[in-house]
Amino acid sequence: MNHEKTKVINSDMSRVIAQMGHFDKLAIGDAGMPVPAGTEKIDLAVTKGIPSFMDVLNNVLEELEVQRIFLAEEIKTQNPTMLENIKKRLPDTPIVFIPHDEMKKDLSNCKAFIRTGEMTPYSNIMLESGVVF
């Protein structure tokens, strides 16, 4: 049995992840993503690029079981490098591509939005929670 402390040390992130149920969604995004008023915003942005989108995604994935991810259609052409990084990190997870405008609206159905210092375009993801047992 592994008794090490949680890898997510941000208390708000840890709380939200702990409360995630099957099919619940958690979003992580770049510094410029507009967050709907009703969605909890966990702001980790310190300065340009810090923390990076991938740093935060990797941290969340230490604790969250993800069954499906949602990305903006636009990431394919506007930020193919980030898309590759995401696919490398989640090679077996199905990806649903949706228009960026739809993603902005869908943030209102997310438990929280974690804002990073990422400055590259369309670096936003919605993670759909799987079952942990």
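Refer to the structure presented above.
Residues numbered from 1 in each chain as written. Predicted model: local features only at pLDDT ≥ 70, side-chain atom pairs only at ≥ 80, totals over all residues. Heavy atoms only, no water.

S.K.: Is there a simple way to explain the packing of aromatic side chains in this structure?
M.R.: To describe a pair of aromatic rings, you give the distance between the ring centres and the angle between the ring planes. Evaluation of the coordinates by the stated rule reveals zero aromatic pairs. Above the ring of Phe97, the side-chain terminus of Lys76 is found at 4.3 Å from the ring centroid. (Phe/Tyr/Trp six-rings, centres within 6.5 Å; stacked < 30°, edge-to-face > 60°. Lys NZ or Arg CZ within 6 Å of the ring centre and 35° of its normal.)

S.K.: What is the right way to look at the sheet that holds strand β1 (residues 25–29) in this model?
M.R.: Sheet strands pair by backbone hydrogen bonding; their relative direction is either parallel or antiparallel. Taking strand neighbours across the sheet as the criterion, the six strands line up as β2-β5-β1-β6-β3-β4 in an open arrangement whose pairing is mixed. Both edges of this open sheet fall to β2 (40–43) and β4 (95–98), since each of them pairs with a single strand only. Within this sheet the neighbouring strands show an average axis-to-axis angle of 20 degrees, counted without direction. Examined bridge by bridge, β2 and strand β5 (residues 112–115) share four bridges and lie parallel to one another. Following the sheet pairing, Asp43 is matched in β5 by Arg115. (Pairing = 2+ DSSP bridges. Helix = DSSP H or I, 4+ residues; strand = E, 2+ residues; numbered from the N terminus. Axes fitted to C-alpha atoms, helices over the stretch in contact; angles between N-to-C directions.)

S.K.: Looking at this structure, how should I read the pattern of salt bridges?
M.R.: Two side chains with opposite charge may pair up if their charged atoms get near one another. A full pass over the atoms with the stated rule returns seven salt bridges. Ionic pairing is found between Arg15 and Asp12, a salt bridge with its closest N-O pair at 3.1 Å. One end of the pair is Arg15 and the other is Asp12, both in helix α1 (residues 11–19) and three residues apart, which spans about a single turn. Of the residues examined, Asp12 reaches a relative accessible area of 34% and is grouped as partly exposed. Across the salt bridge formed by Arg68 and Glu128, the nearest N and O atoms sit 2.9 Å from each other. Residue Arg68 is found in strand β3 (residues 66–72), and its partner Glu128 is found in strand β6 (residues 125–129); the two are separated by 60 residues along the sequence. Residue Arg68 is classed as partly exposed on the basis of its relative accessible area, which comes to 30%. (Salt bridge = Lys/Arg side-chain N within 4 Å of Asp/Glu carboxyl O. Buried < 20%, exposed > 50% of the residue type's maximum accessible area, 1.4 Å probe, protein only.)

S.K.: Whenever I open this one, helix α4 (residues 80–89) confuses me. Can you help?
M.R.: Every α-helical turn comprises 3.6 residues, leaving residues that sit three or four positions apart pointing alike. Listed in full, the buried residues belonging to α4 are Met82, Leu83 and Ile86. The buried residues of α4 all sit within an arc of 105 degrees when viewed along its axis, so they share a single face. Facing away from the buried surface of α4 by more than 90 degrees, the exposed residues are Thr81 and Lys88. Among the structural elements, α2 (53–61), β3, α3 (75–78), β4 and β6 are those in contact with the buried residues of α4. (Arc of directions from axis to C-beta. Contact = heavy atoms within 4.5 Å.)

Interpretation in functional terms is not warranted from these geometric data alone.
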